[in-house]
Amino acid sequence: MKIVHFTSAHPRHDIRIFVKECVSLARAGHEVILVVADGQGAEIRQGVHIVDVGPRPDASARRGRLGRMTATTRKVCEAVLALRPDVAHFHDPELIPAGLRLRRAGIRVVYDVHEDVPRQILAKHWIPAAVRPLVSRGFETFENHAVRRFDAIVTSTPHIRNRFTPLNARVVDVCNYPILEELVRDTPWDARRNEVCYLGGISRIRGIGPIISALPHTATRLNLAGPWSEPGLRAQMERLPGWARVNDLGVLDRAGVADVLSRSKVGLVTLFPTPNYVDALPIKLFEYMAAGMPVIASDFPLWREIVTDAGCGLLVNPENAPAIAAAINRLLGDESMARQMGEAGRQAVLSRYSWSAEAQKLVTMYAQLERSALRAGA
């Protein structure tokens, strides 16, 4: 099949979109094209053809965000129409109107739902707090209307899958579990540094404030890697005493991420209890586990089930800096326990939380779409 993935907001080498989904489908024998908007030009990588419609506006400003949601989405949609794929697979909620347009043009459409967007809207700092509930309800109504018209829905968690199952006959959860070949290194524990790490997007609701505030009460340093998603937030964090213990590494490629994972002893995933996060499956949690390090995670029911069942870390109140500091000190102060938890997490990923099984779900769904297309054309 000729499959076009398209995004107006994500980077071309996004881990879920490109590294996992596009490459997995190309390896399964499909012709895979990825349409992006970044101004970096065309590229062929790992069997995937990347088409670029030009740079999107700077989304840090409201005007730039609006431009991306209008002009950029139109350009991306036109590019997909020109390619005439068998299936168009999109990854941004702002592209729902484009998906509906493509469906009307006779192209099969898959909507890839990375987040529970109506719940995510409730925590968007750039939307006035007073109108967030109204915007959330309005978007959920629109999204529910649209998903009934698409040919398949791919979700990043079982929780989101359950929301859409009554609305569409073909819904599959393809979880963001790690690619083991990327991250699993046999790094001896004694070769690791007395450091903790946080990987991924950096924002207030992802818990950066309490993490930095916890550091002065520990004997460790924090390896911090990822993009800052809120204007002025980094400057605020730099004024905290704990910033002196931060290695701010910026945005890393996958080799850089693997290096941080191999040298750190503890992984932090202390997101705040917003509606969008409590039922999420954050990739960083499973990457830490795959790398053989114990985790310090928010004490949410779903995460408690994963961490407790695997015996791979400690749970904390993510808004409580002293609790985070105490957990860091406990793990770094008991090498035997930390090693055992790290190995337990790695074994859990090897047996239950790896990308290979999720890739097969995606490939199977596309085989079903192909069979249904053949029956319709018969």
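First things first, this report covers the structure right here in the doc. Just so we're clear, the structure is a prediction, and the values are computed from it rather than from any experiment. (Residues numbered from 1 in each chain as written. Predicted model: local features only at pLDDT ≥ 70, side-chain atom pairs only at ≥ 80, totals over all residues. Heavy atoms only, no water.)

**Quick notes on unusual backbone geometry**
Okay, so step 1: The phi dihedral of Q46 is positive, around 50°, even though this residue is not glycine.
Okay, so step 2: Here Q46 is to be found in the loop between β3 (43-45) and β4 (48-52).
Okay, so step 3: Backbone geometry places R84, a non-glycine residue, at a positive phi of 50°.
Okay, so step 4: Relative to the assigned elements, R84 resides in the loop between α2 (62-83) and β5 (87-90).
Okay, so step 5: R84 gets classed as partly exposed once you look at its relative accessible area, which sits at 47%. (Helix = DSSP H or I, 4+ residues; strand = E, 2+ residues; numbered from the N terminus. Buried < 20%, exposed > 50% of the residue type's maximum accessible area, 1.4 Å probe, protein only.)

**A look at the sheet that holds strand β11 (residues 246-250)**
Okay, so step 1: Taken in spatial order, the 6 strands of this open sheet run β11-β10-β9-β12-β13-β14, and their pairing is parallel. Of all the strands in the sheet, the pair left with one neighbour each is β11 and β14 (313-316). Across the sheet, the mean angle separating the axes of adjacent strands is 20° when strand polarity is ignored.
Okay, so step 2: The sheet contact formed by strand β12 (residues 266-269) and strand β13 (residues 295-298) spans 3 bridges and is parallel. Among the inter-strand pairings, G267 is bridged to a residue of β13, identified as V295.
Okay, so step 3: On top of the sheet, helix α13 (residues 321-333) reaches β9 (195-199), β12, β13 and β14; it is set at about 165° to β14, its chief contact. (Pairing = 2+ DSSP bridges. Axes fitted to C-alpha atoms, helices over the stretch in contact; angles between N-to-C directions. Contact = heavy atoms within 4.5 Å.)

**Considering helix α3 (residues 96-104)**
Okay, so step 1: Along α3, the positions that sit buried rather than exposed are I96, A98, G99, L100 and L102.
Okay, so step 2: G106 occupies a position one or two residues after α3 and carries a positive phi of about 90°.

**Examining the sheet that holds strand β8 (residues 171-173)**
Okay, so step 1: If you trace the 8 strands from one edge of the open sheet to the other, you get β3-β4-β2-β1-β5-β6-β7-β8, paired in mixed fashion. The sheet is open, and its two borders are formed by β3 and β8, each paired with just one other strand. Between one strand and the next, the sheet's axes are offset by a mean angle of 20°, whatever the strand orientation.
Okay, so step 2: Pairing between strand β6 (residues 108-113) and strand β7 (residues 152-155): 4 bridges, direction parallel.

**Observations concerning the packing of helix α11 (residues 283-290) against helix α14 (residues 335-352)**
Okay, so step 1: Remark: α11 packs on α14, axes separated minimally by 7 Å, with the N-to-C direction vectors making an angle of 115°. Considered as vectors, α11 and α14 are oriented roughly perpendicular to each other. Of the residues in α14, those touching α11 at F286, M289 and A290 are G342, G345, R346, A348 and V349.
Okay, so step 2: Looking at the contact of α11 with α14, its residues break down into 5 nonpolar, 2 polar and 1 charged. (Parallel < 35°, antiparallel > 145°, perpendicular 65-115°, else oblique. Nonpolar A, V, L, I, M, F, W, Y, C, P; charged D, E, K, R; others polar.)

**Here's the deal with the packing of aromatic side chains**
Okay, so step 1: Overall, the coordinates contain 9 aromatic pairs when judged by the stated rule.
Okay, so step 2: When the ring of F90 is compared with that of Y111, the centres are 4.7 Å apart and the planes differ by 10°; the resulting orientation is stacked. Taken together, the positions of F90 in strand β5 and Y111 in strand β6 put the pair 21 residues apart, joining distant regions of the chain.
Okay, so step 3: A relative accessible area of 1% means that Y111 is categorised as buried.
Okay, so step 4: Aromatic ring contacts, followed pair by pair, group F6, F90, Y111 and F150 into a single cluster. (Phe/Tyr/Trp six-rings, centres within 6.5 Å; stacked < 30°, edge-to-face > 60°.)

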